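One letter stands for each residue in the lines below.
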Amino acid sequence: MNQILKVEGVTKTFGGIRALYRVDLHVVEKEILGLIGPNGSGKTTLINVITGVYKPSEGEVLYNEENLVGLSPHQIAEKGIVRTFQLTRPFGNLSVIDNVIVGSLLKSNHIREAREKSIKTLEMVGLGDHLHVLSKDLTTGNRKRLELARALTMEPSLMLLDESLAGLTSAEMRENLALLKKIRSERGISMIVVEHVVKAVMDVSDRIVVLDAGEKIAEGDPQFIANNEKVIEVYLGKVM
Amino acid sequence: MIMSKANLKDYLTRSKNLFYVPIVILFFIPLLPIPIYVMHVLILSLLFAYLCTSWAIVSGFAGQVSLGHTCFYGIGAYTTTLLFHYYGLTPWIGGVIGVAFSAVFAFILGYACFRFRVRGPYFTFATLASTVILQGLFISQSQITGGELGIEMPYTGSPLFFQFTDKAHYYLIILVLWLGVLFLSRRIQNSKFGYYLFAIREDEEAAEACGINTTKYKILAFVLSAALTGFGGVFYSQYYLYVTPKAVYGLDRSFQISSTAMVGGSDVWFGPSLGSFLINPVVEWTRATYGGTFYTLPLVIYGLLMIFIGRFLPGGVSGMIQKGLISLKGEEGDQKGRSQ
Amino acid sequence: MNVNLIQGLVNGVLAGGVYMTIAVGINLIYGVMHIVNYAHGEVLMIGMYIAYWLFTLAGVNPYLAIPIVAAILFVFGVLLHKSVIEPVLDLPLQRQILIFIGLIHVFQNSAMVLWSADYRSIGVPITTESITISFIYIPIGKLLVLIIALASALALYYFLKKTKLGKFIVATSQDPDAASALGIDIRRIRTLTFALSLALTGIAACTLSPIYFIFPYTGTDFNIFAFIIITLGGLGSYTGAIIGSIIVGMIESLVSLLSDASIATAVAFLVFILILLFRPSGIMGKRE
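Quick notes on the rules
- Residues numbered from 1 in each chain as written.
- Chains lettered and ligands numbered in written order.
- Predicted model: local features only at pLDDT ≥ 70, side-chain atom pairs only at ≥ 80, totals over all residues.
- Helix = DSSP H or I, 4+ residues; strand = E, 2+ residues; numbered from the N terminus.
- Rg over C-alpha atoms; globule rule 2.2 N^0.38 Å.
- Buried ≥ 20, exposed ≤ 12 C-beta atoms within 10 Å, placed from the backbone.
- Contact = placed C-beta atoms within 7 Å.
- Pairing = 2+ DSSP bridges.
- Nonpolar A, V, L, I, M, F, W, Y, C, P; charged D, E, K, R; others polar.
- Expected span 1.5 Å × (residues − 1).
- Bend = angle between axes of the 7 residues up to and from the residue.

Undergrad: Even after reading the chapter, I still don't get the overall build of chain C, so can you show me in this structure?
TA: Assigned secondary structure in chain C consists of 12 helices and two strands. Reading the secondary structure of chain C in the N-to-C direction produces α-α-α-α-α-β-β-α-α-α-α-α-α-α. A globule of 288 residues ought to have a C-alpha radius of gyration of about 19 Å, and chain C, at 19 Å, matches this closely. With the C-alpha coordinates of chain C rotated into their principal frame, the extents come out at 60 × 50 × 35 Å. Residue burial in chain C is summarised as follows: out of 288 residues, 54% are buried. Within chain C, counting contacts between residues at least 6 apart in sequence, those at least 24 apart form 76% of the total.

Undergrad: How should the pairing of strand S10 (residues 215-220) of chain A be read in this particular structure?
TA: Side-chain direction in a regular strand flips from residue to residue, so the side chains alternate between the two faces of the sheet. Residue and element names in this part refer to chain A. In terms of strand pairing, strand S9 (residues 207-212) meets S10 through five bridges, oriented antiparallel. Within S10, the position partnered with Val210 by the bridge is Ala218. Counted between consecutive antiparallel strands, the loop separating S9 from S10 contains two residues, among which Ala213 sits at a positive phi close to 50 degrees.

Undergrad: Explain the pairing of strand S3 (residues 32-36) of chain A to me, please; I cannot follow it from the model alone.
TA: Residue and element names in this part refer to chain A. For S3, a buried count of five out of five residues is recorded, marking the element as mostly surrounded by other parts of the structure. Side chains Ile32, Gly34 and Ile36 project from S3 onto one buried face, and the interleaved Leu33 and Leu35 project onto a second face that is buried too. Across four bridges, the pairing between S3 and strand S8 (residues 190-194) is parallel. Across the sheet, residue Leu33 finds its bridge partner in S8, namely Ile192. Across four bridges, the pairing between S3 and S9 is parallel. Directly across from Gly34, in S9, lies its bridge partner Ile208.

Undergrad: Teacher, can you tell me more about the interface of chain B and chain C here?
TA: Accessible area lost during the coming together of the parts is what is often quoted as the interface size. Of the residues lining the interface, 48 residues belong to chain B; the matching set on chain C comes to 40 residues. Looking at the side of chain B that touches chain C, the elements with two or more residues in it are helix H6 (91-115), helix H7 (120-140), helix H8 (142-145), helix H14 (251-264) and helix H16 (296-312) of chain B. Per-class residue counts for the side of chain B that touches chain C are 29 nonpolar, 16 polar and three charged.

Undergrad: Is there a simple way to think about the environment of A:Ile119 in this case?
TA: Residue and element names in this part refer to chain A. Structurally, Ile119 is set in helix H4 (residues 111-125). By the C-beta count within 10 Å, which is 18 here, Ile119 ends up partly exposed. Along the chain, Ile119 and Val194 lie 75 residues apart, while their C-alpha atoms are 27 Å from each other. Discounting chain neighbours no more than four positions away, the residues touching Ile119 are Ile97 and Leu131.

Undergrad: Even after reading the chapter, I still don't get helix H4 (residues 36-61) of chain B, so can you show me in this structure?
TA: For an α-helix, the turn length of 3.6 residues means that residues three or four places apart are oriented alike. Residue and element names in this part refer to chain B. Look at H4: 36 Å from first C-alpha to last across 26 residues, which is about the 38 Å you get at 1.5 Å a residue. At Trp55, H4 shows its largest kink, close to 40 degrees. Most of H4 is tucked away, with 19 of its 26 residues classed as buried. Just past H4, the residue Gly63 takes up positive phi, approximately 75 degrees.

Undergrad: Looking at this structure, I do not really get the arrangement of the chains. What am I missing?
TA: Of all two pairs of chains sharing an interface, the pair with the highest contact count is chains B and C. When C-alpha atoms are compared, chain A and chain C, though not in contact, are closest at a spacing of 11 Å.

Undergrad: Mind showing me how you'd approach the environment of A:Gly34 here?
TA: All names here are of chain A. Assignment of secondary structure puts Gly34 in strand S3. Residue class for Gly34 comes out buried when judged on the 24 C-beta atoms lying within 10 Å of it. Setting aside residues no more than four positions away along its own chain, Gly34 makes contact with Val193, Glu195, Val201, Ser205 and Ile208.

This is the structure in C-alpha cells:
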C-alpha cells in the first residue's frame, strides 16, 4: 500500500536538549498509526515537526514524496495534513459553528457552503445541538470533538491527533474511538493518534510506534507492542 | 404604482428593510434649517465614526492593536495639502496619492512586524512610535511643511479642487464615506476574510493550523485599514483647509480613535460608530458649555468608564446592547465574532 | 565645530538620562507581566506634582524628597496594581490598552481638575548652575538627573541579580509557571514589581521637577520619548532601554545642534524605519 507520509531520520534539538533523535516512521494510506510513549518522549514535538511548527535539525518529512521541511504550518495544512492540539485551542470567543466554519473555509470559498458542511460535520461528531454555544464555554470532551470537527472540515488526507482522548470520561473515550474508526472507514483519512491511554490506542490502531526520550524504541502491530519487553519496561507500572 | 399600500407596510416591517429608511432620511438632513455649528458637529462625528470603523478592521477584527493609526490620517492630509500647495494638483488626485502612500507605509510597517513574527505589543509600539516620529519629522521639515504652525490649503471654494462653500456638501461626502465603510465592515464580518481575521485574533497558532496564512491576512487588514484612514485624512484637510502636525499625528488623536472604537465595541461593524456618536457630541457639548477647568471632570469620568468597560464589558456598549436584546428576545442569537 | 560636537554629545547623554528611568520602568513591568504601562508618563507627572507640593507647602528640597515620593508612589503602585492592573493581566491586549488609555485620562484630567493647567516650577538654585570642564558646559540639574538615573538603574540591577527577592522577580519574568512551582508567590512578586517600577519613577520625578515645568499633560511628552526608546532598544530589555535612551538623547541634541534640524530628524526617521524593518523587536529585543 501507498506510503503517504515518511518521516526519515528526524532529529530535533532545542539548545542542549535532544527532543527527537533519528526518528523514522511512515504512515500508509487509510492507516491508523498509534504513537505512544511516556511523558516527554517527543510525541508532540514530532507532530510539531511534521506540521511545520518546528524545523527539524536533521531529517526529512516526505508527504506523497514531497519534502515538507521548511514549509509553514498553513501551507502544510493546505496540502492535506491537519492536526489537533493536546491542550485544545478553540477560537474561544467564536461559537462552535463559527469555529468549524473557519476550518471549512480552507476548502470552500463561500460561507453558505462552509456553514452547511460544518453543520453536517458537527452533527457527525455529536455537537449538533451546541452550534451557537461559545467555544470557550464547552466542556473538555466537547472541545476535543470541536477540534476534531474543525480538522475534518479541512478535508485532510492525514490527521494528527494529539491526545484527543485526554481528559475524557471512559464513556466519552469509547464514543470518540468509535468516531475515529468511522471517520477512517467513511472518509478514508489516515491518522496518527498520539495517546497516553495505551489501552485505547491498542484498540484503534493498525500499527503502533513507541517513542522514549526522543527515540523510536519499537514498532509493530498492537499485539507485538503489548508483549514487547522494551515497551513494558518503559511503561513499568502503567496499566496496559 | 410601484407597491400597493399593503405591500409597502409589509416591506417596511421586515426589519432588514426598515434599516434603510433612516439611512435615506440622513441624506435629507441638510434640507432642514439646522445651525451651522450643529452641521459641523455632525460632520465631525461622522468623520470620527468613519475613522473608528476603519481602525477596527485591523485592531478589532484581527486583534492587531494599532495605537498610531493617525500616521495614515496625517499622511493622507499632508499629501493632499502639500501636492496642492506646491504643484496645484487637485486634491481629488492628490487624495488618491495620499491614500496610496498610507497603504505603502502600512505595508512596510506591517510586513516588517508580521513577517518576523513579532508579538502584538511590539506591533502596537511600532505604530505608536511611527506616528510620533512622523510628527517630529513634519515639524522639523518646516520649510516644506510649515512646521508646528502647519500649512494652509489654498482656498478656491471650487468643487474641482475638493472644496465646497456649503457645509452640506461636505456632510454628504462624509456621510457616503461613513456608510461605505460601515457596509464594508459588515460585509467583512460575514465573509471568509472576516472569519479568518477573527481566528487570527483569537489564536494565531491555531489559525495557522487551520490553513490560514496569518501574515498575509494581517498585512491585508492593516493596509486596508490604513488606506481608509488615509482617505479620512484627505477629507479632513479638505474640510479644515489647515493641517498641523499635532492635529493629525498627535498621540491624543490616536488614543481618541482607539478608545472611542473600543468603548463602542471594536469587534462588531457598528460598534465603533456607536461609540463615536455617543462620546463625541457629549465631549463637544461639555467643552462648549463648561469651558474652563471643569470640562475635564467629564473626561475623568470618561476615563473611569473606559476602565470599567475594559474590565467588565469586552464588547463595549454595543456588546451590552446586543446582550440586552438577546435576553429580551429570549433567543440564543449567534454573536458572530464577538469578544466576550 | 569640534567643541560644539562634543558639547552636543554631552548634551545627548544628559538628555538620555531624562528618559532612561521611564523606559527602564516600563520594561521592568513588561518583563514580569507582559503588559505595557502606557500611563507611565502620567505616573511621572504625579510624582512631579508630589515633589512640587512638598516643596511649596513644606519647603522640602526635591532631592531630599526622593525617599518620600518613592514611598508614596510605591504605595500608590500597590493600590493601583491590586485594583486595576492585576485583574486584567490575562485579558486580551485590546482590553488592556483601553484600560490604560482610561488611566491616562483619569490621571491627566484629575490633575487638571485639582491643580489647574497652570505651569508650575520649583526653583532650586543649584540646578540652574553648571559645571564647566574646559570648554564643556554641564548643567548641574541635568547632571543630577543622569547620575541618579544611572544610580537607580545600577541599584535595580544589583537588586535583581544579587538579592533573593530580585532573583525571584527575574525567575517570574522568565518562566512564571516554573517560578510558581518553585514556591514563589507570583502575585506578590507582580505587585512588588509594579510598585517598584512606580517608586523608581518617583525618584526620577524628583530629579526632573526642578528642571521641567510641571503641568498635567507633561506626561505625554515623556511617554512619547519612552515609546520611541523602547521601540529602538527592545521591549523588555533594560540594556536596550539604557542604550536607547542615550541614542534618542543624542539625536535630540544633535537636532538642536545642527543648523539644519530638518536633516537630523529626517536621518533619525530613516534610522528608525531601518531598525523597524530589520529588527522590529528592537536592537536588544527578543524575537519570538
